[in-house]
Each structure stands twice: as C-alpha cells, then as structure tokens.
Amino acid sequence: LGLGFDKAWIDDVGNVIGVVKGKKPGQKVLFDGHLDTVEVPSPETWRNPPFKGKVVDSKIYGRGASDMKGALAAMIFAVAELAAHKEELCGEIYVSGTVHEEIAEGVSLGLIIEKIRPDVVVIGEATQLKINIGQRGRGEIVVKTIGKAAHSSNPEVGVNAVYQMTKAIQAIQGLKLPADELLGPAILELTDIISSPYPGASVVPEKCLATYDRRLLVGDTLESIVEDIEKELAKISSSDPDFKAEVSVALNDYSTYTGFKVQSPRFAPAWKMEKDHPVVLKAKKAMEEAKLPFVLGAYSFCTNGSSSAGIHGIHTIGFGPGRESEAHITDEYLELDQLIKSAIGYYHLAKNLGA
C-alpha cells in the first residue's frame, strides 16, 4: 500500500494480489507473474550466488531473475507509478504474484481469475520485449502396460509389462502430429519410465508406467490427446491378446505453502490471439508510446496464459524482459536494460489496455 496500491492481499492459495483503481471507467486488466522458481540443485557451480541478486556487467544474476521475479518487480513498479495518476487512469489494474506455476501452469492464476474476472490479462514471462500472442499448451500423459508377474526363472508363465511397453513406445513414436504456423509443431516426448515391482529381484514386472510430455496446439483437448494414443495401442491389442494398456492424463496433487490443496489434471491448453485483435492493436499503441519496437511472437513453453486464454477465454498477451533461453539455467540472469524497458512497457500497456 505504500506504493499507492488501493488494496493488496494474499488469498487462500498464497497468491499475492494488488490493485490500483483509476478514477475513469474502463477495463479490468491483470498483470501476472509467478513467485515460484525451479530448484538450484548445485549452487556451488554458479559463478555468481543464486540468491544474492548480484549485478555484474549490467546484468542481475540469480535464480528467478529472468523467470520471473524481474518481470514481476517491473509490473509492480509500473503500476505503482500509475497510482500517482489515478485521475487520468481508466479501469482497474491488478498485479498478481502467483504460486506453483513451475509445476502446474495456470492453476493458481485460474483461482484468481474466478474472483477478479479481468477483461484482459498480460503474462510477464520472457518475450525479449516482444508482444506474444500465443503459446503451445502442455499435457502430461501416463501410459500403463499391465502384465503378469512370474519368477524370472520361469518367464514363460508371466507377461513382462516392460516388453509390452516397448511395443507401446514403438507404436506411439509413429503417431503423426500437426503443426501451427505461429505456435510450431505439436510434440509428444517420453520423459520417464519405471517398472513395478522395483527393484525387480527375480520377478517378471507386472506393471510399467511411461510418462509423456505432450506439447499442445489450439484445439487439442484432454480427451483428444488420450484418444490419439489409445487408437495406436488398440492396433497392438487387435493382434496380441496379452497386450493390455491404459492411457490417462496425470494429476496435480500438492498443497501450497498456505496448506491449500490442489488436485487437477496436468493439462494446460494452447491459445492464440488474432494479429489484428483490438487488444493487440492497443498493445501496439502502448509500444509506440514506450518507444519500443512492436514485434509479435509466441511462447514455445507453457505459461499461466493456458488458464486465462486457454480455459477462461480471456484476451491475453505476453510481454516480458529477457529470453526464454535464460530461464532455469545455471547463472540465470536478466539484462538491466531489458528490465527497465519492460517497466516502461508495462506502464503504457496498463494505461492503454485499461481504457
């Protein structure tokens, strides 16, 4: 509140939200940045300490500098500057610091959206100061093959679930996926595999689980991505009576630091805005006022926009400092020039999108 926000609070989930209300009628605009970061498994390998925010050669180093505490700080600063001009400000400008984005994109933001009901959302993930108008989504798919346990000295009386999984993997690799001109290709990539029992001492495994990361395009649904794989596995079943498999979407199952329990499918849909949409044109005007280039792009990774645009159908754009390639790396950094320019951009975005 010392920065001029009309209200600031922490919700049941642990998200931090603030709002500045203009004196003129207008839109509800929500700027979102997530608070959480990925882990730092080996801090001793960093040239600069991961939790000090050290500035070297016009770059600020530290975990979350790029992804995405830098953008969140710029949002807060920009909206605080607008708070000094409420007489001229239209609408209501919100800033949210969301939790658990790194493990469950969109879930926490969705709970904020249900309360605030914004008209426009700006995602602050790194765009290198471009205006992003879409992103691929992400689904986590679990394939389970079911065998029959036996002593490994008599494997012929059992059915090895791992061997069955190799058949499934081969079939899935043959699946043809589409591509989008803006978002790029859909992707289906095996990320882990484990048999049961584990460790399997003298036992033919009776179960095997494989996890796939599915990068989604607009139109992909939770049901359709499961069905795509089920159709491929059905071909195996038709010729192999011992082949049994199940396909499902993995579940989020965690508690936030406030104790709020989250259980939901690990499915975050893709989204895309039209290049000539009024919100995009307002963003163009904002970039002109901020004296920044107006360049359109799309995220290659998943963001909280999966909730705002993909689930709730809210007009959403992305704008943030830094590059996607700077996220999650050892010696993560953010260029100070990008940070400062992003704050200027957020200021003008808020002013134009609220009108």
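Trainee: Explain the overall build of the chain here, please?
Mentor: Of regular secondary structure, the chain possesses seven helices and 23 strands. In terms of overall dimensions, the chain has C-alpha extents of about 80 × 45 × 35 Å along its principal axes. Within the chain, the proportion of its 355 residues that are buried is 50%. A fraction of 77% describes how many contacts in the chain between residues 6 or more apart in sequence connect residues 24 or more apart. For the chain, the distance from the average site of its 38 positive side-chain charges to the average site of its 47 negative ones is 3 Å.

Trainee: Is there a simple way to explain the packing of aromatic side chains in this structure?
Mentor: The geometry of two aromatic rings is summed up by the distance between their centres and the angle between their planes. The full count for this structure, using the stated rule, is four aromatic pairs. When the ring of Phe319 is compared with that of Tyr346, the centres are 5.3 Å apart and the planes differ by 90 degrees; the resulting orientation is edge-to-face. With Phe319 in the loop between strand S22 (315-318) and strand S23 (333-335) and Tyr346 in helix H7 (residues 336-353), this pair connects stretches of sequence that are 27 residues apart. Within the aromatic cluster, the residues linked to one another by ring pairs are Phe31, Phe319 and Tyr346. Lying over the aromatic face of Trp9, Lys7 brings its terminal NZ or CZ to 4.7 Å of the ring centre. Lying across the ring of Tyr333, Lys59 places its NZ or CZ 4.5 Å from the centre.

Trainee: How should I be thinking about a nonpolar patch on the surface in this particular structure?
Mentor: A cluster of nonpolar side chains, Ile10, Val16 and Tyr257, forms an exposed patch at the surface whose accessible area comes to about 310 Å². Its place among the elements puts Val16 in strand S2 (residues 16-21).

Trainee: What should I look at first to understand the sheet that holds S23 in this one?
Mentor: Sheet strands pair by backbone hydrogen bonding; their relative direction is either parallel or antiparallel. Across the sheet, which stays open at both edges, the three strands sit in the order S4-S5-S23 with antiparallel pairing between neighbours. Two strands in the sheet have a free side with no partner beyond their single neighbour: strand S4 (55-56) and S23. Sheet analysis places S4 next to strand S5 (residues 59-61), joined by two bridges and oriented antiparallel. The residue of S5 that forms the bridge with Val56 is Lys59. Against the sheet, helix H1 (residues 65-83) contacts S5 and S23, and its axis sits at roughly 50 degrees relative to S23. Contacts from H7 reach S4, S5 and S23 within the one sheet, and its direction differs from that of S23 by about 65 degrees.

Trainee: Hey, could you run me through the environment of Val279 in this one?
Mentor: Inspection of the secondary structure assignment puts Val279 in helix H5 (residues 278-289). Along the sequence, Val279 and Thr316 sit 37 residues apart, while their C-alpha atoms lie 8.1 Å from each other. The contact partners of Val279, leaving out residues within four places of it in the chain, are Val120, Met273, His315, Ile317 and Leu353.

Trainee: What is the right way to read unusual backbone geometry from this model?
Mentor: It is generally the case that most residues other than glycine have a negative phi and that most peptide bonds are trans. Look at the link from Ser196 to Pro197: it is a cis peptide, with omega at 5 degrees. In this fold, Pro197 is placed in the loop between strand S13 (187-196) and strand S14 (203-204). Here the amide bond leading from Tyr198 into Pro199 is cis, since omega sits at -5 degrees, within 30 degrees of zero. Among the secondary structure elements, Pro199 is positioned in the loop between S13 and S14. Positive phi, close to 50 degrees, is recorded for Asp57, a residue that is not glycine. Take Asp57: its relative accessible area is 70%, and that puts it in the exposed class.

Trainee: Help me understand the side chain of Ser342, please; the structure alone is not making it clear to me.
Mentor: Looking at the element boundaries, Ser342 is found in helix H7. Once residues within four sequence positions are removed from consideration, Ser342 is found in contact with Ala74, Leu129, Phe319 and Pro321.

Trainee: Please clarify how the nonpolar core should be interpreted in this entry.
Mentor: Here is a general trend for soluble globular proteins: nonpolar side chains tend to be buried in one another's company. With 39 residues, the main nonpolar core has Phe31, Val122, Ile317, Phe319, Tyr346, Leu349 and Leu353 as its most contacted residues. Secondary-structure elements contributing two or more residues to this core are strand S3 (24-34), H1, strand S6 (90-98), strand S7 (120-123), strand S8 (131-135), H5 and H7. Of all the elements, H1 adds the most residues to this core, at ten residues.

Trainee: How should helix H4 (residues 222-239) be read in this particular structure?
Mentor: Side chains that are three or four residues apart share a direction in an α-helix, a result of its 3.6 residues per turn. Taken as a whole, H4 has its buried residues at Ile225, Val226, Ile229, Glu232, Leu233 and Ile236. Against the buried residues of H4 lie strand S9 (137-146), helix H3 (161-173), S13, strand S15 (207-216), strand S16 (245-249) and strand S19 (267-268).

Trainee: Can you help me understand the side chain of Gln135 in this one?
Mentor: Locating Gln135 in the fold gives a position in strand S8. A polar side-chain atom of Gln135 sits 3.0 Å from a polar atom in the side chain of Trp271. Within the structure, Gln135 has its side chain in polar contact with the side chain of Thr303 (distance 2.4 Å). Residues in contact with Gln135, not counting those within four places in the same chain, are Leu183, Pro269, Ala270, Trp271, Tyr299, Phe301, Cys302, Thr303, Gly305 and Ser306.

Procedures and definitions
Residues numbered from 1 in each chain as written. Predicted model: local features only at pLDDT ≥ 70, side-chain atom pairs only at ≥ 80, totals over all residues. Heavy atoms only, no water. Helix = DSSP H or I, 4+ residues; strand = E, 2+ residues; numbered from the N terminus. Buried < 20%, exposed > 50% of the residue type's maximum accessible area, 1.4 Å probe, protein only. Contact = heavy atoms within 4.5 Å. Lys, Arg positive; Asp, Glu negative; His and termini not counted. Charge placed at Lys NZ, Arg CZ, Asp CG, Glu CD. Phe/Tyr/Trp six-rings, centres within 6.5 Å; stacked < 30°, edge-to-face > 60°. Lys NZ or Arg CZ within 6 Å of the ring centre and 35° of its normal. Patch = residues over 30% accessible without salt bridge, like charges linked within 9 Å, V, L, I, M, F, W, Y side chains within 5 Å. Areas by Shrake-Rupley, 256 points an atom, 1.4 Å probe, with all protein chains shown as cover. Salt bridge = Lys/Arg side-chain N within 4 Å of Asp/Glu carboxyl O. Pairing = 2+ DSSP bridges. Axes fitted to C-alpha atoms, helices over the stretch in contact; angles between N-to-C directions. Core = buried A, V, L, I, M, F, W, Y, C linked by side-chain atoms within 4.5 Å. Polar contact = N/O pair within 3.5 Å; in protein donor to acceptor, adjacent residues only side chain to side chain.

Nothing here speaks to function; it is all geometry.
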